[in-house]
Every structure is written in C-alpha cells, then in structure tokens.
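Spelled out, the chains give:
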Amino acid sequence: MRFKRFGASLLVAGLALLGAATPAMAHSELKSSDPARGASLATPPTQVKLTFSGPVTLADNPIQITGPENASWTVGRAEVAGTVVTAPVQAVGPAGEYTLRYKVTFDDSHAASGSVKFSLSAPAAAPSSQSQPSSQAPSSSQAQAPAPGATPAPQAAETTPEGLLPAWVWIVLAVAVVVAGLVVALRLIRRKNDRS
C-alpha cells in the first residue's frame with residue numbers, strides 16, 4: 001500500500017514539474033500569415049502580413065520572397081505593430097511555388113527565422129510605373145531582396161530559434177527525466193520491499 005502511494009506521489013510531482021516547465025520552455029512563434037501557408041493565389045498580393053504569438057522586432061532584411069526561375073519579389077520597408085509585421089511587395093515571376101522567408105527577434109531576445117510556402121496559379125508581371133499605387137511603391141532605399149541568382153536556403157521549420165533547441169526537444173527531455181526518476185524510485189522501493 002505504501003509502495004502505491006509513493007509511486008502515485010512521484011507521478012503527481014513529476015507531472016507538476018513538467019507542467020511548470022513547459023510554459024517557460026515555450027517560445028513565441030508564427031501564428032498565421034497572409035498569404036497563408038500552402039495557399040494557391042490567382043493574383044499576387046500587394047502586401048504580406050505575418051502574425052506572431054508575441055511582440056517582435058525586425059532583423060536586417062527581415063522578409064524575402066523567391067520563386068521559380070530565380071524570381072525575386074521586391075519587398076518594401078517592413079513595419080511592426082505589436083505582434084503583426086506587414087510589408088508592401090511587388091510580385092514578379094512565373095506561376096509556381098514561392099517561399100516567403102522571415103527573420104525576427106522576440107521579446108525574450110531569441111532570434112527566429114522560418115518560411116511560408118504558397119503558390120501563384122498565374123504569372124505575376126511587374127507593375128508599370130504609371131499603374132503602381134504610391135502607397136505600395138517602396139523606394140530603392142527600402143527595397144529588400146536577395147541578390148539575383150542566389151540559391152534559396154532549404155525550407156526551415158515554422159519557427160526555428162537560432163542557437164537554441166526547439167521547445168518540443170526540451171519537453172521530450174523533461175518527460176524522459178521524470179520517467180527515468182520514476183523508474184529508479186520504483187526499483188529502489190521494490191528492492192527495499194524484497195529485502196524486508
């Protein structure tokens with residue numbers, strides 16, 4: 001009877017420890033994007049919007065969009081309003097899959113980067129200077145695009161902290177430690193009971 005009570009107490013303590021540790025290990029992350037992940041668009045957007053789970057600040061060259069045949073969109077100056085990052089874009093390139101890459105820094109000071117893939121079902125032509133709305137026209141000093149011919153990096157996870165392990169790794173490690181502690185404690189109790 002004492003053995004069962006002790007095992008139950010250990011289990012409750014381990015779960016409480018894990019529950020307390022999980023929020024501390026969790027990092028802010030990308031919650032949604034416009035265009036959405038996996039979206040298929042008939043017309044290209046004139047603005048991109050990224051919504052995060054916590055406030056962010058921008059890294060240098062925070063948003064890049066690349067696509068087939070080395071297509072590279074012109075991205076205007078990104079702006080932050082709390083947890084939301086927006087930037088005007090000028091799309092150009094053939095129909096196909098495009099990748100939006102982002103780099104931000106969260107309030108807990110960890111830097112994160114990730115990507116969102118979407119596709120265009122029709123080619124995007126660069127707007128002429130007469131038809132381009134002035135509110136969407138980034139100046140040359142605001143243009144932030146990768147060099148032509150640059151090889152896109154492989155797709156990253158939705159949020160990949162640089163220099164830190166993802167939160168799920170810490171959760172798995174915490175569970176493993178709790179389970180190992182329970183196994184050791186139960187074996188010690190069983191040995192004690194066998195001797196007496």
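What counts, and where the lines are drawn
Residues numbered from 1 in each chain as written. Predicted model: local features only at pLDDT ≥ 70, side-chain atom pairs only at ≥ 80, totals over all residues. Heavy atoms only, no water. Core = buried A, V, L, I, M, F, W, Y, C linked by side-chain atoms within 4.5 Å. Buried < 20%, exposed > 50% of the residue type's maximum accessible area, 1.4 Å probe, protein only. Helix = DSSP H or I, 4+ residues; strand = E, 2+ residues; numbered from the N terminus. Contact = heavy atoms within 4.5 Å. Salt bridge = Lys/Arg side-chain N within 4 Å of Asp/Glu carboxyl O. Patch = residues over 30% accessible without salt bridge, like charges linked within 9 Å, V, L, I, M, F, W, Y side chains within 5 Å. Areas by Shrake-Rupley, 256 points an atom, 1.4 Å probe, with all protein chains shown as cover.

Turning to the nonpolar core, a few remarks are in order. Formed by 27 residues in total, the largest nonpolar core has its most connected members in Leu50, Phe52, Ile63, Ile65, Trp73, Leu100 and Phe118. Elements with a minimum of two residues in this core: β3 (47-52), β4 (56-66), β7 (84-90), β8 (96-106) and β9 (111-120). The element best represented in this core is β8, accounting for five residues. The residues contacting Leu100, other than those within four sequence positions of it, are Val48, Leu50, Ile63, Gln64, Ile65, Gly114, Ser115, Val116 and Phe118.

Looking at the element boundaries, Ser121 is found in the loop between β9 and β10 (160-161). Sequence-distant contacts of Ser121, that is, excluding residues within four places in its chain, are made with Ser40, Leu41, Ala42 and Ala95.

Turning our attention to the pattern of salt bridges. Under the counting rule described, the total for this entry stands at two salt bridges. Note that Glu79 and Arg77 form a salt bridge whose closest N and O atoms lie 3.9 Å from each other. Look at Glu79 and you get partly exposed, because its relative accessible area is 47%. One salt bridge in this structure joins Lys117 and Glu97, with 3.8 Å as the shortest N-O distance. Taken together, the residues span a long stretch of sequence, with Lys117 in strand β9 and Glu97 in strand β8 at a distance of 20 residues.

So, on to a nonpolar patch on the surface. A contiguous nonpolar surface patch, about 200 Å² in accessible area, is contributed by Val175, Val179 and Val183. Position of Val179 relative to the elements: it lies in helix α2 (residues 167-195). According to the relative accessible area criterion, Val179 is partly exposed, its value standing at 44%.

Read these as geometric descriptors, not functional statements.
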